[in-house]
Structure formats: structure tokens, C-alpha cells
Amino acid sequence: MIVFDQVHKSYTVAGRAIPALHPTDMTIKTGEVFGIVGHSGAGKSTLVRLINLLEPPTGGRILIDGEDITRYSANELRAFRRKVGMIFQHFNLLSSKTVQENIAFPMKLAGIYSKAEIRDRVSELLARVSLTDHADKYPSQLSGGQKQRVGIARALACRPTILLCDEATSALDPQTTQSVLSLLADINRELGLTIVLITHEMDVVRRVCDRVAVMDAGNVVEMGPVSEVFLHPSHPTTRDFVFESENVDAGELAADLQKANGRILRLTFKGDATYQPLLGSVARASGVDFSILSGRIDHIKDIPYGQLTLSLVGGDLDLAMKAFDAADVHVEVVR
Ligand code: ADP
Ligand code: MG
């Protein structure tokens, strides 16, 4: 478990303290995929670099499995850092070393593994990230997705319990992003690794994360299970991210709602409710007529969800609302 207790961080620039992270409380559970989403400059990288003490906090306590890592000696810190792997947007591979040498590098650096251990581990990792046939290539001979897979294998070399990913898919095209995210999800599931994943895209969070923190100007402004935060965002920054990921133009949506008649509801279906033919039966039973203003069906990790914005006219609106409620559909009155 990773616990932030009033952790804050300021950088000193030309003698002045510039706050990058305001006092923050946060708990990341063992084995979860925890997303941190925010615009550029929000403080995401600062926060994640505090987790492995690449940056020391200005104040507050950082507890990992109950131990305050800010009090570690240099030796304890070195051992702790082996338990934390990290991958980066621009991969940070050594260009003069081959794929297998890159993967072996952290093990060699640690100085505690035998040659045979390193060789076995590297071939195991090459297989895990599907790069066995590319072991002797140099980074310049690889595609972006392959480079990030080398980055992942290298991060896993010393068998970490925590994997930090700083914009790990931001330099990749959508298809490659999906394959890297699937690999991370497999690793999380199969190895039980805790993954902290930083991104500026809500879509990345939606696909792999269990919980998410939304950052804005050095503050965590919203935090919770992805299905809660994504489907019912409460902070304006979160709403912007969700709209952006759904390609919704907030201005256009507002104009559409202006034109619509009657009561406007947003219905959220989750899990099995997504597939129930509910609208027709509710319309028949209540006599309410509806038109669909916007809609989307997708997945949050493995859970299907649907979200519909409807305008409803005539009939027995109360009855319709009760029927939605009884079917476990979340109803939000927009107007
Ligand atoms: P993000 O990763 O969300 O883009 P960062 O954590 O990199 O944000 O940066 C947060 C703020 O801290 C920014 O205003 C940035 O300019 C500042 N900052 C980051 N690193 C340093 C540094 N090493 N020295 C001074 N200021 C920094
Ligand atoms: Mg960053």
C-alpha cells in the first residue's frame, strides 16, 4: 500500500519556492491499477517521482507498506528502489546497448544477481513482452511500441512490486497504445503488481485503471473508482477530461439541450443493465415519449456501460423514473 500523508512539494527556482504539489492525502492499494490524470503542468510527474523518492518531498510522510520511506538510509533506499520499476514516455533506453542488454542493465547495476540468473530472467522477460526474436537489435531498429515493451521488460527485471508509468503511451499511436495497455493489464493481473499510471487521456484511465485521481494545478481535485469518477464527474476539470475523451463539444451539447423539449435525463447503465431492452418497456408502461440527444456504449476496464441523454415528454414521468430506478439505472435530472 502506498500512503501519502499531507505530502507536498515545492521546487526552488532562483531562490523562490514554487509549489508543484499542494498537501495531498492519497492511498493506493496493493495490486490495483491507479490512474493519475491531469493537464500538462498539473503536478503528475512530481507526484509519481515522490513515490520512489526520485524527488524528496518538501513535507509530509510517504508510507509504503507501513514504512516511512522518507526516513530510509541510503542503503535502505537503494534496496527499496529495486522494488519500484518505472517506464517513461520516451522510453529512455540506452541506444548503444541491444534489447537484451537494456533489459539486463538494472540487474547488473544492482550487483546482486549471478550471470545465470540475469540470463534466465532476461529470456523470460523477452518472452513475456513478445520480443524474443528481437533480442539482439538496437533501440533504433525498433518501433515505438517495441521500444516501450523493452522499457516494460527492463522495469520488471528486478521483480518490483510497484510499476510507475509516466505518460507511457503518450508517444504511441492508438493501436499501439491499446497493445501496451493490454500488456500492462496482463502484468497487473498475473503478477499482482501495483501500477501507478500517469496520463493526460481519460480514455487510458477508462481502459485499464481501477481507481483514479484527477489533478489540477498541484491539487488532487477528485479521486475514486473509475466507474464513479468517469460516469459521474463532479469537478469541472474531470468533466473536461470526460468530454474530451468522448469527443463531446460542451458548447454544442448545451445548444442541443436548449432545442430539446420536456424533461432532460441522463441515464447511466452499468454491467448487465447495459443490455436490457428497458427504454421501450418503460415508454409503453408510462406513456412517456422520448428522443435520444446523445448516447454511448463502451467499457470501463471489463465492465460494460451505457450512457444516454434523453428528452422526455407526456405520459407519467414519475412512473418512468421509478421504473428506471427499479432496473438499477442511475438517473440524473439534467433539466
Ligand atoms: P506534469 O507531469 O503534470 O506535466 P510536473 O509535475 O512535471 O507536471 O510539473 C508541475 C509543476 O512543477 C510545473 O509548474 C513545472 O514547471 C514545475 N516543475 C517540475 N519539475 C521541476 C523542476 N525540476 N524544477 C522546477 N520546477 C519544476
Ligand atoms: Mg509529466
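Parameters at a glance
Residues numbered from 1 in each chain as written. Chains lettered and ligands numbered in written order. Predicted model: local features only at pLDDT ≥ 70, side-chain atom pairs only at ≥ 80, totals over all residues. Heavy atoms only, no water. Helix = DSSP H or I, 4+ residues; strand = E, 2+ residues; numbered from the N terminus. Buried < 20%, exposed > 50% of the residue type's maximum accessible area, 1.4 Å probe, protein only. Contact = heavy atoms within 4.5 Å. Pairing = 2+ DSSP bridges. Axes fitted to C-alpha atoms, helices over the stretch in contact; angles between N-to-C directions. Salt bridge = Lys/Arg side-chain N within 4 Å of Asp/Glu carboxyl O. Expected span 1.5 Å × (residues − 1). Polar contact = N/O pair within 3.5 Å; in protein donor to acceptor, adjacent residues only side chain to side chain. 1 Å grid on protein atoms, 1.4 Å probe; cavity = no way out; pocket = protein on both sides within 12 Å on 5 of 7 lines; lining within 4 Å. Points joined across faces, edges and corners; volume = space filled by probe spheres on them. Nonpolar A, V, L, I, M, F, W, Y, C, P; charged D, E, K, R; others polar. Domains from an automatic or database assignment. Patch = residues over 30% accessible without salt bridge, like charges linked within 9 Å, V, L, I, M, F, W, Y side chains within 5 Å. Areas by Shrake-Rupley, 256 points an atom, 1.4 Å probe, with all protein chains shown as cover.

A.B. asks: A description of the environment of L310 should follow, citing residues and the corresponding values.
C.D. replies: Relative to the helices and strands, L310 resides in strand β13 (residues 303–313). On the basis of relative accessibility, which here comes to 0%, the residue L310 falls in the buried class. Discounting chain neighbours no more than four positions away, the residues touching L310 are R263, I264, L265, L267, L279, F290, S291, I292 and L293.

A.B. asks: Which residues make up the sheet that holds strand β4 (residues 59–64), and what are the values?
C.D. replies: Taken together, four strands build an open sheet; the order of strands is β2-β1-β4-β5 and the sheet is antiparallel. Edge positions in the sheet fall to β2 (16–28) and β5 (67–68), since each has one partner strand and no second. Strands β1 (2–13), β2 and β4 of the sheet are contacted by helix α1 (residues 44–51), whose axis makes an angle of about 120° with β1.

A.B. asks: A description of the sheet that holds strand β11 (residues 263–270) should follow, citing residues and the corresponding values.
C.D. replies: Read from one edge of the open sheet, four strands run β12-β13-β11-β14, paired in antiparallel fashion. A single partner strand is all that each edge strand has here, and the edge strands are β12 (289–300) and β14 (330–333). Adjacent strand axes in the sheet meet at a mean angle of 15° when their direction is disregarded. Inspection of the sheet shows β11 paired to β13 by eight bridges, in the antiparallel sense. If you follow T268 over to β13, its bridge partner there is Q307.

A.B. asks: Provide a residue-level description of the pattern of salt bridges, including the pertinent values.
C.D. replies: Throughout the structure, instances matching the rule amount to 17 salt bridges. Residue E55 is joined to K9 by a salt bridge in which the shortest nitrogen-to-oxygen separation is 3.4 Å. With E55 in the loop between α1 and β4 and K9 in strand β1, the pair connects residues that are 46 residues apart, well separated along the chain. The class of E55 is buried, set by a relative accessible area of 18%. The shortest N-O distance in the salt bridge between R207 and D203 comes to 3.2 Å. Placement of the pair is R207 and D203 together in helix α7 (residues 202–208), with a separation of four residues, close to one helical turn. In this structure R207 comes out as partly exposed when scored by relative accessible area, which is 28%. Classification of D203 by relative accessible area gives buried; the value is 18%. Taken together, the shared-partner salt bridges connect D203, R206, R207, E246, R296 and D298 into one network.

A.B. asks: Run through helix α6 (residues 174–191), naming residues and quoting values.
C.D. replies: The end-to-end C-alpha distance of α6, which contains 18 residues, comes to 25 Å, matching closely the 26 Å that a straight helix rising 1.5 Å per residue would cover. Buried residues of α6: T176, T177, V180, L181, L183, L184, A185, I187 and N188, and no others. Its side-chain oxygen placed 3.1 Å from the backbone nitrogen of Q175, D173 serves as the N-cap of α6. Just past α6, the residue G192 takes up positive phi, approximately 65°.

A.B. asks: Go over the layout of surface pockets, please, and point to the residues and values.
C.D. replies: In this structure, the largest pocket spans a volume of roughly 620 Å³. In terms of lining residues, the largest pocket is bounded by 20 residues, among which R81, R82, V84, P106 and L109 are the most central. Within the residue set of the lining of the largest pocket, elements represented by two or more residues are α2 (74–82), β6 (84–88), α3 (99–110) and α5 (144–156). Take the lining of the largest pocket: its biggest share by element is five residues, from α3. A volume near 450 Å³ is recorded for the second largest pocket. Together, 19 residues line the second largest pocket, and F243, E246, L253, R266 and Q307 are the ones closest to its centre. The set of elements that each furnish at least two residues to the lining of the second largest pocket consists of α8 (226–231), α9 (236–245), α10 (250–259), β12 and β13. By residue class, the composition of the lining of the second largest pocket is nine nonpolar, five polar and five charged. Both of domain 1 (2–244) and domain 2 (252–333) provide at least three residues apiece to the lining of the second largest pocket.

A.B. asks: Describe a nonpolar patch on the surface, listing the residues and the values that go with them.
C.D. replies: Side chains of L94, F105 and L109 sit close together on the surface and give an oily, nonpolar patch of about 270 Å² of accessible area. Along the chain, F105 turns up in helix α3. Take F105: its relative accessible area is 32%, and that puts it in the partly exposed class.

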